[in-house]
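# Chain and residue survey
Residue-level listing of the chains:
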Number of protein chains: 2
Amino acid sequence: MKIGELAKSLGVSTDTLRYYEQHKLLTPSGRSEAGYRMYTQQQRRQMQFILRAKAVGFSLKDIQELLQIQIEKHQHSCEEVKEITLQKLHLVRARIEELQRFEQSLSKLAQRCCGGPESADFCSILTALEDVDGTCN
Amino acid sequence: MKIGELAKSLGVSTDTLRYYEQHKLLTPSGRSEAGYRMYTQQQRRQMQFILRAKAVGFSLKDIQELLQIQIEKHQHSCEEVKEITLQKLHLVRARIEELQRFEQSLSKLAQRCCGGPESADFCSILTALEDVDGTCN
DNA sequence: ATAAACCTTAGAGTTAACACCAAGGTCAAG
DNA sequence: CTTGACCTTGGTGTTAACTCTAAGGTTTAT
């Protein structure tokens, strides 16, 4: 299968497939006479693995590791795989907490602001950001 | 006050202050004879405004808008300010939801994996990522 | 035979918010 | 008078995951 067919069948761009090749995530099985990249069902499955891993939040760098392990499964342990997963989980949770702090601050600011058409001279949002004691949180 | 003094008093780098100047967030009040940037208390307050806005999750681009409004308050309405705040709030919430989906998937994957020292041949995480019906969510 | 659709490489551009570097000028203290 | 701390500009580097462009070769359908 040529790059365009694989791309279309998975809903990604050909650029993405070439990018993944460059970054050692998916190597075509070979080249046609004209130099075109050729892919088999095996590569298609690997690309699906990549897409599923992306869908659960793994970065391409994580996925590289996971692929390495997947390809040589019996040389690796469950522990390794779980470790990668847990690390990502912690990272995601930390980011969620940071964003939740933002959410708290922003929703409080928004709640206290009348949001009307009057001049912003006494806007509570601006005041909060200006003043030392403006409650931004 | 010179750039280094302002920077130190606010816990930012001089690079940051120059960057903000380039991006129209904070312009020094003038230059000394030697060409050094000079700042007044007014600029210091503006920088604090910027830092507080950053702390609640606004991007520098948002802050540009907010500053514009703050500087010419009576030509703008509360509505505008609240609109910026609400837009950011929606964006933050959307990002949180995306990350929470990641969190769900990752924690389920992690829970089902034994994480032991045995070979990854039958690792449930890898299996989930490989199979069409592998429950990644 | 030619046009449309596909493929190739290499490289630049995108976004955010800085950090870092080089080469040089300035200022205060001892 | 010299050392060290500070300042200047202009430029490059960082991270992630692509996207786009240019200039050209290939295949397929009519």
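A brief report on the enclosed structure follows. (Residues numbered from 1 in each chain as written. Chains lettered and ligands numbered in written order. Predicted model: local features only at pLDDT ≥ 70, side-chain atom pairs only at ≥ 80, totals over all residues. Heavy atoms only, no water.)

## Thoughts on the interface of chain B and chain A
Just so we agree on the cut-off: Contacts are residue-level and defined by heavy atoms, with any inter-residue pair within 4.5 Å sufficient. Defined in terms of a 1.4 Å probe, buried area is the accessible area two parts forfeit on being brought together, summed over both. Whenever a carboxyl oxygen of Asp or Glu lies within 4 Å of a side-chain nitrogen of Lys or Arg, that contact is scored as a salt bridge. Side-chain atoms alone can form a polar contact between residues adjacent in sequence; in general such a contact is a pair of N or O atoms within 3.5 Å, and within protein one must be able to donate a hydrogen while the other accepts it. The numbering of helices and of strands both runs from the N terminus, where a helix is a DSSP run of H or I of at least 4 residues and a strand a run of E of at least 2. Gly counts as polar in this scheme, as do all residues outside two lists: the nonpolar Ala, Val, Leu, Ile, Met, Phe, Trp, Tyr, Cys and Pro, and the charged Asp, Glu, Lys and Arg.
On the side of chain A, 54 residues touch chain B, which itself brings 54 residues to the contact. Of the roughly 4,800 Å² buried between chain B and chain A, counting both surfaces, carbon and sulfur atoms make up 71%. Of all residues in chain B, Cys78(B), Leu106(B) and Leu129(B) bury the most surface against chain A, accounting for 14% of the area lost on that side. Applying the counting criterion to the chain B and chain A interface returns 4 salt bridges. Note that Glu103(A) is salt-bridged to Arg93(B), the shortest N-O span being 3.3 Å. Joining chain B to chain A, the criterion identifies 24 residue pairs in polar contact (both at pLDDT 80 or more). Looking at the side of chain B that touches chain A, the elements that each hand over two or more residues are α3 (41–55), α4 (60–71), α5 (78–112) and α6 (124–130) of chain B. For the side of chain B that touches chain A, the leading source of residues is α5(B), giving 21 residues. Taken together, the residues of the side of chain B that touches chain A break down into 29 nonpolar, 12 polar and 13 charged.

## What to know about the relation of the copies chain B and chain A
The two chain copies are connected by a rotation around an axis plus a translation along it. The cut-off we apply is this: The copies were overlaid with a least-squares fit restricted to C-alpha atoms from residues scoring a pLDDT of at least 70 in each copy.
Each copy of the sequence occupies a distinct position, and chain B is placed on chain A by a rotation of 180° and an axial shift of 0.0 Å, giving an RMSD of 0.3 Å. Such a turn and shift between the copies fits a two-fold axis. Within chain B, the C-alpha atom positioned nearest to the axis of rotation is that of Ile96(B), 2.8 Å from it. When the interface residues of chain B are mapped onto chain A, 100% of them again fall at the interface, so both copies present the same face.

## Description of the pattern of salt bridges
All names here are of chain A. We count it as follows: Under the scheme applied here, a residue whose accessible area is under 20% of the maximum for its type counts as buried, over 50% as exposed, and between as partly exposed, the area being computed with a 1.4 Å probe on protein chains only.
According to the stated counting rule, one finds 14 salt bridges over all chains in the structure shown. Between Asp15 and Arg18 there is a salt bridge whose closest N-O contact spans 3.4 Å. Taken together, the residues Asp15 and Arg18, both in helix α2 (residues 14–22) and 3 residues apart, mark about one turn of the helix. Looking at Arg18, the relative accessible area reads 32%, which means it is partly exposed. Glu98 serves as the salt-bridge partner of Arg95, at 2.9 Å between the closest nitrogen and oxygen. Pair noted here: Arg95 and Glu98 are both in helix α5 (residues 78–112), with a separation of 3 residues, about one helical turn. Among the charged side chains, a salt-bridge network with shared partners connects Glu21, Arg31 and Arg37.

## Describing the protein's contact with DNA strand D
Short version of the rule: Nearness here has a simple test: a residue counts as near a molecule or strand if at least one of its heavy atoms is within 4 Å of that partner.
Around DNA strand D, the structure places 18 residues, and the nearest of them are Tyr19(A), Tyr20(A), Tyr36(A), Gly4(B) and Arg37(B). Within 4 Å of the protein, atoms of DNA strand D come from sugar and phosphate in 71% of cases. Listed by contribution, the elements that provide at least two residues to the surface near DNA strand D are α2 of chain A together with α1 (3–10) of chain B. No other element matches α2(A), which puts 4 residues into the surface near DNA strand D. Tallied by class, the residues present in the surface near DNA strand D amount to 7 nonpolar, 5 polar and 6 charged.

## Looking at the packing of α1(B) against α3(B)
All names here are of chain B. The following threshold applies: Think of each axis as a best-fit line through the C-alpha atoms, taken over the contacting stretch in the case of a helix, with angles from 0 to 180 degrees between the N-to-C directions. Under this scheme an angle from 65 to 115 degrees is roughly perpendicular, one under 35 degrees roughly parallel, and one over 145 degrees roughly antiparallel; angles in between are oblique. Two helices cross in a left-handed way if the nearer one is turned anticlockwise from the farther one by less than a right angle. They cross in a right-handed way if the turn is clockwise.
Running from N to C, α1 and α3 cross one another at 40°; their axes reach a closest spacing of 11 Å. It follows from the interaxial angle that α1 and α3 lie oblique. Relative to α3, the crossing made by α1 is right-handed. Only Arg44, Met47, Gln48 and Leu51 of α3 make contact with α1, whose side of the interface consists of Leu6, Ser9 and Leu10. Residues that form the contact of α1 with α3 fall into these classes: 4 nonpolar, 2 polar and 1 charged.

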